[in-house]
Amino acid sequence: MKKREVHFGRNVHTLESACVGCGKILDGAFGFDFERRKGPAPKPGDVSLCFYCGTPMVWEGDDMRLRAPTAEEAATIAGDERVQLARQLIKEKDRTPESAAS
Ligand SMILES: [Zn+2]
(Lines give C-alpha, C1' and ligand atoms only; values in the text may rest on other atoms or scores of the structure.)
Protein backbone atom coordinates (compact mmCIF):
# COMPACT_ATOMS: atom_id res chain seq x y z
CA MET A 1 0.00 0.00 0.00
CA LYS A 2 1.25 3.45 -0.89
CA LYS A 3 2.14 5.69 2.01
CA ARG A 4 0.24 8.93 1.86
CA GLU A 5 1.92 12.29 2.25
CA VAL A 6 0.31 14.41 4.92
CA HIS A 7 0.99 18.06 5.40
CA PHE A 8 0.13 19.59 8.72
CA GLY A 9 -0.40 23.29 9.17
CA ARG A 10 1.42 25.36 11.72
CA ASN A 11 0.90 24.89 15.42
CA VAL A 12 -1.30 27.44 17.09
CA HIS A 13 -1.85 28.13 20.74
CA THR A 14 -5.44 28.09 21.95
CA LEU A 15 -7.16 28.77 25.23
CA GLU A 16 -7.25 25.76 27.49
CA SER A 17 -10.23 23.52 26.93
CA ALA A 18 -10.90 20.12 28.42
CA CYS A 19 -11.53 17.24 26.03
CA VAL A 20 -15.16 16.14 26.23
CA GLY A 21 -14.00 12.55 25.81
CA CYS A 22 -11.02 12.01 28.14
CA GLY A 23 -10.98 15.28 30.11
CA LYS A 24 -7.35 16.10 29.29
CA ILE A 25 -6.56 19.80 28.88
CA LEU A 26 -5.88 20.88 25.32
CA ASP A 27 -4.13 24.21 24.69
CA GLY A 28 -2.90 23.98 21.14
CA ALA A 29 -3.91 22.79 17.71
CA PHE A 30 -2.54 21.96 14.34
CA GLY A 31 -4.54 21.20 11.26
CA PHE A 32 -4.73 20.46 7.60
CA ASP A 33 -6.04 23.78 6.31
CA PHE A 34 -4.31 26.38 8.46
CA GLU A 35 -1.58 27.26 5.98
CA ARG A 36 -4.00 28.26 3.29
CA ARG A 37 -6.02 30.52 5.52
CA LYS A 38 -5.62 34.24 5.96
CA GLY A 39 -7.57 34.55 9.17
CA PRO A 40 -7.04 33.02 12.58
CA ALA A 41 -6.99 29.27 12.83
CA PRO A 42 -8.74 27.37 14.11
CA LYS A 43 -11.94 29.37 13.80
CA PRO A 44 -15.42 28.79 15.26
CA GLY A 45 -17.16 25.88 13.58
CA ASP A 46 -13.90 24.07 12.82
CA VAL A 47 -13.64 20.46 13.87
CA SER A 48 -10.92 19.40 16.26
CA LEU A 49 -9.83 15.96 17.37
CA CYS A 50 -8.41 15.35 20.81
CA PHE A 51 -4.67 14.75 20.54
CA TYR A 52 -4.91 12.09 23.23
CA CYS A 53 -8.06 10.09 22.52
CA GLY A 54 -9.28 11.26 19.10
CA THR A 55 -12.68 12.46 20.27
CA PRO A 56 -14.11 14.91 17.70
CA MET A 57 -15.15 18.35 19.01
CA VAL A 58 -16.18 21.68 17.52
CA TRP A 59 -14.65 25.10 18.24
CA GLU A 60 -17.21 27.61 19.35
CA GLY A 61 -17.54 31.27 20.23
CA ASP A 62 -15.17 34.23 20.25
CA ASP A 63 -13.22 32.74 23.14
CA MET A 64 -12.82 29.47 21.20
CA ARG A 65 -14.08 26.76 23.48
CA LEU A 66 -14.36 23.12 22.52
CA ARG A 67 -17.76 21.48 22.68
CA ALA A 68 -19.15 18.10 21.72
CA PRO A 69 -20.58 18.00 18.19
CA THR A 70 -24.33 17.77 17.61
CA ALA A 71 -25.67 14.53 16.15
CA GLU A 72 -25.82 16.16 12.73
CA GLU A 73 -22.26 17.46 12.99
CA ALA A 74 -21.05 14.09 14.24
CA ALA A 75 -22.42 12.42 11.11
CA THR A 76 -20.65 14.95 8.87
CA ILE A 77 -17.42 14.65 10.84
CA ALA A 78 -17.48 10.85 10.63
CA GLY A 79 -17.63 11.04 6.85
CA ASP A 80 -14.79 13.54 6.49
CA GLU A 81 -11.68 11.97 5.00
CA ARG A 82 -9.36 14.38 6.82
CA VAL A 83 -10.90 13.42 10.14
CA GLN A 84 -10.41 9.74 9.38
CA LEU A 85 -6.79 10.44 8.45
CA ALA A 86 -6.20 12.45 11.60
CA ARG A 87 -7.71 9.72 13.74
CA GLN A 88 -5.40 7.20 12.14
CA LEU A 89 -2.41 9.43 12.92
CA ILE A 90 -3.49 9.82 16.53
CA LYS A 91 -3.72 6.04 16.87
CA GLU A 92 -0.33 5.54 15.24
CA LYS A 93 1.26 8.09 17.56
CA ASP A 94 0.45 5.85 20.50
CA ARG A 95 2.39 3.02 18.89
CA THR A 96 5.62 4.92 18.30
CA PRO A 97 8.37 4.15 20.84
CA GLU A 98 9.36 7.82 21.29
CA SER A 99 6.04 8.81 22.81
CA ALA A 100 6.26 6.02 25.38
CA ALA A 101 9.70 7.04 26.64
CA SER A 102 9.34 9.93 29.05
ZN1 LIG B 1 -9.51 13.28 24.71
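Refer to the structure presented above.
Conventions we followed
- Residues numbered from 1 in each chain as written.
- Predicted model: local features only at pLDDT ≥ 70, side-chain atom pairs only at ≥ 80, totals over all residues.
- Pairing = 2+ DSSP bridges.
- Helix = DSSP H or I, 4+ residues; strand = E, 2+ residues; numbered from the N terminus.
- Axes fitted to C-alpha atoms, helices over the stretch in contact; angles between N-to-C directions.
- Buried ≥ 20, exposed ≤ 12 C-beta atoms within 10 Å, placed from the backbone.

## Observations concerning the sheet that holds strand S4 (residues 56-60)
Part 1: Sheet architecture is open: three strands sit in the order S3-S4-S5, paired in antiparallel fashion. What marks the edges here is a single partner per strand, and that holds for strand S3 (47-49) and strand S5 (65-67). With strand direction ignored, the average angle separating the axes of adjacent strands in the sheet is 45°.
Part 2: Pairing between S3 and S4: three bridges, direction antiparallel. Counted as the bridge partner of Leu-49 is Pro-56 from S4.

## Concerning unusual backbone geometry
Part 1: The backbone of Met-64 sits at a positive phi, close to 55°, despite the residue not being glycine.
Part 2: Relative to the elements of secondary structure, Met-64 occurs in the loop between S4 and S5.
Part 3: The partly exposed category is assigned to Met-64, around which 17 C-beta atoms lie within 10 Å.

## Quick look at the pairing of strand S1 (residues 12-18)
Part 1: For S1 and strand S2 (residues 25-29), the ladder comprises four bridges, and the chain directions are antiparallel. In the sheet register, Ser-17 faces S2, and the bridge partner there is Leu-26.
Part 2: Connecting S1 to the next strand, S2, in antiparallel fashion are six residues, including Gly-23 with a positive phi near 85°.

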